[in-house]
Amino acid sequence: MTELPRETRVLDAVVSLVDSLLVDFDVVDLLTELTERSAQLLDVDAAGFLLADPFDQLRLLAATTEQARDIELFELQAEQGPCVECYATGQPVSVEDLGAEEARWPRFVPAATAAGFASVHAVPMRAAGVVLGALGLFGTSTGELNKADLLVAQTLAHIASVAILQGQAPSPSTVLPQLRSALASRVIVEQAKGFLREFLDVSVEDAFTLMRSYSHANGEHLTDVARRLMTDRHARPVLIAAISEFATPRTY
């Protein structure tokens, strides 16, 4: 089968994501899809969204893989790396050879290279003159993002900003409550992932995939499923059983 041109795939992704914004949607689920689309369209191996809380501290909101999640969390702990720099300056960051940047990010570079990454990039999320966060992109081989790549990445970051603001006209007074809401949604999803990991004896990544598959199949918001899992003790056994049905049977 002939692969579609990238321009077609980009337009398809944008149309699909914008369509999602026109109906009732879950922000964490949509931003997870955005990270997945980013990795596919930009030929990188992982992507993640970092969002600033009302205290100007970046928090992880979505990531394509556990490796991306871990390196984004390390970036926050080390307070250095492409997303941290992108958020601070409000400008895109593109590093085609991570090994050459150890002097720039002495703690981040060894951790990222140890995780298998060789190039890193980031574009800002903005609204109403406020930088909301950054989209981070991670490649396992060296290489730059050209102007077309950066335009695609920035477009996806803009869609993410619209998703977080959920259609409200952005201003400093409307942005902050939406940031709080998005971050709160991520917290409950993370709690539910950890709970399912322990209960079902699966990886954190698999726990998230199972919960997301269940929410999609049943037309429910991912955050609502996570909240019900963590707060409704009476419904929890039935819900866990239903979620577990989406697990791929093990082969021996």
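See above for the structure.
Caption draft 1: Summary view of the environment of Leu50. With respect to the helices and strands, Leu50 occurs in strand 1 (residues 46-52). It is 28 Å that separates the C-alpha atoms of Leu50 and Asn218, two residues lying 168 residues apart in sequence. Not counting chain neighbours up to four residues away, the residues in contact with Leu50 comprise Leu58, Arg59, Leu60, Glu72, Glu75, Leu76, Cys83, Met125, Leu132, Gly133 and Ala134.

Caption draft 2: Layout of the sheet that holds strand 4 (residues 119-127). Taking strand neighbours across the sheet as the criterion, the 5 strands line up as 2-1-5-4-3 in an open arrangement whose pairing is antiparallel. Only two strands of the sheet have a single neighbouring strand rather than two, namely strand 2 (58-63) and strand 3 (93-95). Adjacent strand axes in the sheet meet at a mean angle of 20 degrees when their direction is disregarded. Note: strand 3 against strand 4, 3 bridges, orientation antiparallel. Paired with Val93 across the two strands is Ala122, which belongs to strand 4. Those strands touched by helix 6 (residues 147-165) are strand 1, strand 2, strand 4 and strand 5 (130-139), and its axis lies near 45 degrees from that of strand 4.

Caption draft 3: Local environment of the pairing of strand 4. With 8 of its 9 residues buried, strand 4 lies for the most part within the structure. In the sheet, strand 4 pairs with strand 5 via 9 bridges, with the strands oriented antiparallel. Within the sheet, the bridge partner assigned to Met125 lies in strand 5 and is Gly133. In textbook terms, the turn of a hairpin is the stretch between consecutive antiparallel strands, and for strand 4 and strand 5 this stretch comprises 2 residues, one of which, Ala128, has a positive phi near 55 degrees.

Caption draft 4: Main features of the pattern of salt bridges. Scanning all chains against the criterion turns up 15 salt bridges. Residue Arg69 is joined to Asp70 by a salt bridge in which the shortest nitrogen-to-oxygen separation is 3.3 Å. Asp70 sits in the partly exposed class, given a relative accessible area of 42%. For Arg186, the salt bridge is made with Glu190, and the minimal N-O distance between the two is 2.4 Å. Here Arg186 pairs with Glu190, and both are found in helix 7 (residues 172-200), just 4 residues apart, close to one helical turn.

Caption draft 5: Region of interest: a nonpolar patch on the surface. Together, Val18, Leu22 and Val23 give the surface a local cluster of nonpolar side chains, amounting to about 280 Å² of exposed area. Mapped onto the secondary structure, Val18 falls in helix 1 (residues 6-21). Residue classification places Val18 among the partly exposed residues on the basis of a relative accessible area of 33%.

Caption draft 6: Structural detail: the packing of helix 2 (residues 27-41) against helix 6. Remark: helix 2 packs on helix 6, axes separated minimally by 10 Å, with the N-to-C direction vectors making an angle of 180 degrees. Overall, the two elements helix 2 and helix 6 adopt an arrangement that is roughly antiparallel. Residue-level contacts link Val27, Leu30, Leu31, Leu34, Ser38 and Leu41 of helix 2 to Val152, Leu156, Ile159, Ala160, Ala163 and Ile164 of helix 6. Partitioning the contact of helix 2 with helix 6 into residue classes produces 11 nonpolar, 1 polar and no charged.

Definitions and limits used
Residues numbered from 1 in each chain as written. Predicted model: local features only at pLDDT ≥ 70, side-chain atom pairs only at ≥ 80, totals over all residues. Heavy atoms only, no water. Helix = DSSP H or I, 4+ residues; strand = E, 2+ residues; numbered from the N terminus. Contact = heavy atoms within 4.5 Å. Pairing = 2+ DSSP bridges. Axes fitted to C-alpha atoms, helices over the stretch in contact; angles between N-to-C directions. Buried < 20%, exposed > 50% of the residue type's maximum accessible area, 1.4 Å probe, protein only. Salt bridge = Lys/Arg side-chain N within 4 Å of Asp/Glu carboxyl O. Patch = residues over 30% accessible without salt bridge, like charges linked within 9 Å, V, L, I, M, F, W, Y side chains within 5 Å. Areas by Shrake-Rupley, 256 points an atom, 1.4 Å probe, with all protein chains shown as cover. Parallel < 35°, antiparallel > 145°, perpendicular 65-115°, else oblique. Nonpolar A, V, L, I, M, F, W, Y, C, P; charged D, E, K, R; others polar.

Honestly, it's all geometry; don't read function into it.
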